[in-house]
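Structural overview for review
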Amino acid sequence: MDKVPMTSTGMRILILGGTGEASALARSLAGRPDLSVVLSLAGRTAAPKAEPVPTRVGGFGGADGLARYLDAEGVDRLIDATHPFAATISANAARAAAQAKISLLAIRRPAWTRVPGDRWIDVDSMEAAAAALGREARRVFLTIGRQEAAAFAAAPQHRYLARSVEPLGDLLPVPHLTALEARGPFDMEAEAALMRANGIEVVVSKNSGGAATYGKIAAARDLAIPVFMVRRPAKPDVPSVPDAEGARRWLGLGDHAAPSTLRAV
Ligand code: NAP
């Protein structure tokens, strides 16, 4: 694990990141002499976009390891700005903050909700999505993480277009696979064109929420294509806000409106 000591001045803030919200918050706090901010990444992406605050990469060693880090670095505020599907780190953050007796805020991006025209089939996991695709061969657009793509090896009869940020490698050993490496945001027109060009009949997506990857959902609706929508895992019920601006307010740096707290989604 890379260790980035915080500087000695001001309020010490650790942001657990890997999301657009974490990056936006880090950028908005950068360069302030009254704050010491460190952004923490898991290290899943080989070349993450550089942000203008000190960044550490790699796990802490569970909740206890994170609690030790918070203690050793004298962190005052912990902000869990991780992805809605990163459940382990959020559970660790809640435990570690309680252990280290420091304030924790979560940025919980609102989930997408159905609108008229959506043809969603809700499923609980990637494995459930793979099974629900059925026996008959279909042209499937997988817009999920590379690790999760492995679940679809159990359904090799389909033709897959699999898009991920990092190369898939041999994680999805099926006879008909087109692998695409790309990082969002993706707009609706481009998503619709991609789906048409590949004759896509069904989309598999996590309910990630947010605007950056909503284009495929809007495109599927437009093309009347069903979406197997994987439900979010449970996250701890801690004080939370929907976005980076809410986190700035919680830190006392926003427009001084009352901090909004939402229940975990
Ligand atoms: P996860 O299952 O909740 O976490 C697994 C382990 O990875 C954690 O126990 C922790 O290791 C380490 N970890 C996770 N986030 C970390 C962070 N920000 N800083 C330091 N260590 C971290 O997480 P995941 O689903 O694999 O996601 C990994 C990262 O990718 C997260 O930061 C998340 O925000 C980002 N991300 C995830 C998804 C997704 O769909 N899951 C999508 C986009 C971005 P230790 O226990 O050793 O501390």
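Check the entry above for the structure.
This section reports on the structure supplied with the text. Because the structure is a prediction, the values reported are computed rather than measured.

Brief notes about the sheet that holds strand 1 (residues 11–16)
What holds strands together in a sheet is hydrogen bonding between their backbones, with the strands either parallel or antiparallel. Spatial ordering of the open sheet is given by 3-2-1-4-5-12, a layout of six strands whose pairing is parallel. Because the sheet does not close on itself, it has two edges, and the strands there are strand 3 (55–57) and strand 12 (240–241). Bridge count for strand 2 (residues 35–41) against strand 3 is three bridges, and the pairing is parallel. Following the sheet pairing, Leu41 is matched in strand 3 by Val57. Together, strand 1, strand 2, strand 4 (77–80) and strand 5 (103–107) form the strand contacts of helix 1 (residues 20–29), whose direction differs from that of strand 1 by roughly 155°. Strand contacts of helix 3 (residues 87–100): strand 1, strand 4 and strand 5, with the helix running at about 165° to strand 4, the strand carrying the most contacts.

So, the nonpolar core
In terms of nonpolar packing, the biggest core is built from 22 residues, with Leu133, Leu142, Phe152, Tyr160, Leu172 and Val204 touching the most fellow members. For this core, the secondary-structure elements that each account for two or more residues are helix 4 (126–132), strand 7 (139–143), strand 8 (159–164), strand 10 (202–206) and strand 11 (227–230). The greatest single-element share of this core, amounting to three residues, is contributed by helix 4. Sequence-distant contacts of Phe152, that is, excluding residues within four places in its chain, are made with Met126, Ala129, Ala130, Leu133, Leu142, Ile144, Tyr160, Leu172, Val174 and Val204. The next biggest cluster of nonpolar side chains, apart from the first, holds 21 residues, and it includes Leu25, Leu41, Val53 and Ala244.

Digging into the pattern of salt bridges
Applying the stated criterion across every chain yields a total of eleven salt bridges. The partner of Arg114 in a salt bridge is Asp122, with the nearest N and O atoms 3.3 Å apart. The exposure class assigned to Arg114 is partly exposed, which follows from its relative accessible area of 43%. What makes Asp122 partly exposed here is its relative accessible area of 30%. Arg163 is paired through a salt bridge with Glu191; the nearest N and O atoms lie 2.8 Å apart. Of the two residues, Arg163 sits in strand 8 while Glu191 sits in helix 6 (residues 188–197), which places them 28 residues apart along the sequence. For the residue pair Arg163 and Glu191, the accessibility class agrees, reading buried in each case.

How each quantity is defined
- Residues numbered from 1 in each chain as written.
- Predicted model: local features only at pLDDT ≥ 70, side-chain atom pairs only at ≥ 80, totals over all residues.
- Heavy atoms only, no water.
- Pairing = 2+ DSSP bridges.
- Helix = DSSP H or I, 4+ residues; strand = E, 2+ residues; numbered from the N terminus.
- Contact = heavy atoms within 4.5 Å.
- Axes fitted to C-alpha atoms, helices over the stretch in contact; angles between N-to-C directions.
- Core = buried A, V, L, I, M, F, W, Y, C linked by side-chain atoms within 4.5 Å.
- Buried < 20%, exposed > 50% of the residue type's maximum accessible area, 1.4 Å probe, protein only.
- Salt bridge = Lys/Arg side-chain N within 4 Å of Asp/Glu carboxyl O.

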